[in-house]
Amino acid sequence: RYSKTLNRNDLENLMKQNNIKDAIILLKSKIEGLDKLEINANRVELEKSLDSIVETDLKVIKKYLSNSGIKILEAYLMKYKIDVEFDNSFAKLYFSNFLNAVSGTNKILEKQLKIEMDLLNIIWTYRYTRKNQFNPNLVLGKGYKININILKEIAKVNNVEEIKEILANTSYANVFKTN
């Protein structure tokens, strides 16, 4: 099962892929267990397939652990489950406090903070959306130039090109470099 794994070069090649289809082709050649995944699958289907492989591997690992070993492993893995919530909670606290401190006193800094919050909302919505279910709890603030409906559309996309299309008619139309 582990004869085919991703090495550093594979990860670099994976980051160079321009779309999900090319990424799937590369991953299918390197990771056993993706044989049922269609080449034309979307991002969410790919993530579910990869999650399934990890869950299967964890079941195998747990067979060899004592009860205390299983508890330790589960406690360790909990960190990865809460990272998104922690990062988001920390960011909400940071931006909320910073925005309150500058609100009405420094319009330039206030505008910059709101833009940064919008951009983080775009990135987090794309990165952390699972099963096409948008999580409004991850949204920072009320939105500056990006509203909740645009974020819901971003939650449905499979690649950066589709995000560019959604953002084309917004103030953030040119935030992604073309090369």
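S.K.: Please explain the nonpolar core as it appears in this structure.
M.R.: Most often, soluble globular proteins have nonpolar side chains that are buried together. By size, the foremost hydrophobic cluster in this structure holds 13 residues, and its most contacted members are Ile122, Ile146, Leu151, Ile154, Ile163 and Leu167. Going through the elements one at a time, α5 (107–128), α6 (148–154) and α7 (160–167) are the ones with two or more residues in this core. Looking at which element gives the most residues to this core, the answer is α6, with three residues. Excluding its chain neighbours within four sequence positions, the residues that come into contact with Leu167 are Ile122, Ile146, Ile150, Ile154, Tyr172, Ala173, Val175 and Phe176. Formed by nine residues, the second largest nonpolar core is a distinct cluster that contains Ile20, Leu34, Ala41 and Leu46.

S.K.: Where do I start with α7 in this structure?
M.R.: By the burial criterion, the buried members of α7 are Ile163, Lys164 and Leu167. Across the axial projection of α7, the buried residues extend over an arc of 105°, all falling on one side. For α7, the elements touching its buried residues are α5 and α6.

S.K.: Explanation requested: the packing of helix α1 (residues 8–15) against helix α2 (residues 20–30) in the structure shown.
M.R.: The packing of two helices is summarised by the inter-axis angle and the distance between the axes. Contact pair α1 / α2: the axes reach a minimum separation of 9 Å and the direction vectors enclose 160°. It follows that α1 is roughly antiparallel to α2 by the angle criterion. Both α1 and α2 take part in a crossing whose hand is left-handed. Contact residues: α1 offers Asp10, Asn13 and Leu14, while α2 offers Ala23, Leu26, Leu27 and Lys30. Of the residues belonging to the contact of α1 with α2, the class tally is four nonpolar, one polar and two charged.

S.K.: Please clarify how the pattern of salt bridges should be interpreted in this entry.
M.R.: Any two side chains of opposite charge can pair, so long as their charged atoms come close to each other. Per the stated rule, a full pass over the model turns up seven salt bridges. Across the salt bridge formed by Asp10 and Lys30, the nearest N and O atoms sit 3.4 Å from each other. Remark: Lys30 occurs in helix α2 and Asp10 occurs in helix α1; sequence separation between them is 20 residues. Asp10 sits in the buried class, given a relative accessible area of 5%.

Cut-offs and rules
Residues numbered from 1 in each chain as written. Predicted model: local features only at pLDDT ≥ 70, side-chain atom pairs only at ≥ 80, totals over all residues. Heavy atoms only, no water. Core = buried A, V, L, I, M, F, W, Y, C linked by side-chain atoms within 4.5 Å. Buried < 20%, exposed > 50% of the residue type's maximum accessible area, 1.4 Å probe, protein only. Helix = DSSP H or I, 4+ residues; strand = E, 2+ residues; numbered from the N terminus. Contact = heavy atoms within 4.5 Å. Arc of directions from axis to C-beta. Axes fitted to C-alpha atoms, helices over the stretch in contact; angles between N-to-C directions. Parallel < 35°, antiparallel > 145°, perpendicular 65-115°, else oblique. Left-handed = near helix turned anticlockwise from the far one by under 90°. Nonpolar A, V, L, I, M, F, W, Y, C, P; charged D, E, K, R; others polar. Salt bridge = Lys/Arg side-chain N within 4 Å of Asp/Glu carboxyl O.

From the geometry alone we can't say anything about function, so treat these as descriptive.
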